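Secondary and tertiary structure notes
As a plain string of letters, each chain reads:
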Amino acid sequence: MTIQLQRIEGTPMAQRLTIRSHEWVVDGTAAEGGDDNGPNPHDLYDAALGGCKALTLLWYARRKGWDVQDVRTVVERDASQERSGTYRLATRLQVQGDLSDAQIAELQAAIGKCPVHKLMTQVTTEITTVVERA
């Protein structure tokens, strides 16, 4: 899979992000020198975790045949110690549906195993980067 970004002409930093047939704008905040026309890379990273947990919860509940009518996810970031090696994300999922306490506990365990959570906490990611002339 290939993800592409290309600078949007006339902006200080904004990039057009293309994944398959989907497009978004990625930009820096005003404090970072951008125009804040879209989420910045940290926002996307944090949102990936929240999205993964919500989709995992819905997938798991559907697989079990449980009544989940809605799920709302909040991700809160504490980057105050990022430069010293600790980046904290807190997620909260509010589930609407006819679920027992045991089912809620099982959903809690399932979302702790979502693929992005595992990538962020258990997997070594190797990155190669090349800068070349266009």
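Computed from a predicted model, the values in this text were never measured in an experiment.

1. Focus on the side chain of Thr11
- On the secondary structure map, Thr11 appears in the loop between strand E1 (3-7) and strand E2 (15-19).
- Look at Thr11 and you get buried, because its relative accessible area is 12%.

2. Looking at the layout of surface pockets
- The calculated volume of the largest pocket comes to roughly 540 Å³.
- Every residue lining the largest pocket is counted, 14 residues in all, and those nearest its centre are Ile3, Ile19, Leu44, Tyr45 and Ala48.
- Of all the secondary-structure elements, those providing two or more residues to the lining of the largest pocket are E1, E2, strand E3 (22-26), helix H1 (41-64) and helix H3 (115-121).
- Taken together, the residues of the lining of the largest pocket break down into 13 nonpolar, one polar and no charged.
- Roughly 160 Å³ of volume is contained in the second largest pocket.
- As for the second largest pocket, its lining consists of Lys53, Leu57, Thr91, Arg92, Leu93, Val95, Ile104, Leu107, Gln108, Ile111 and Gly112.
- Those elements giving two or more residues to the lining of the second largest pocket turn out to be H1, strand E5 (88-96) and helix H2 (101-111).

Cut-offs used in this document
Residues numbered from 1 in each chain as written. Predicted model: local features only at pLDDT ≥ 70, side-chain atom pairs only at ≥ 80, totals over all residues. Heavy atoms only, no water. Helix = DSSP H or I, 4+ residues; strand = E, 2+ residues; numbered from the N terminus. Buried < 20%, exposed > 50% of the residue type's maximum accessible area, 1.4 Å probe, protein only. 1 Å grid on protein atoms, 1.4 Å probe; cavity = no way out; pocket = protein on both sides within 12 Å on 5 of 7 lines; lining within 4 Å. Points joined across faces, edges and corners; volume = space filled by probe spheres on them. Nonpolar A, V, L, I, M, F, W, Y, C, P; charged D, E, K, R; others polar.

What is shown is where atoms sit, not what they do.
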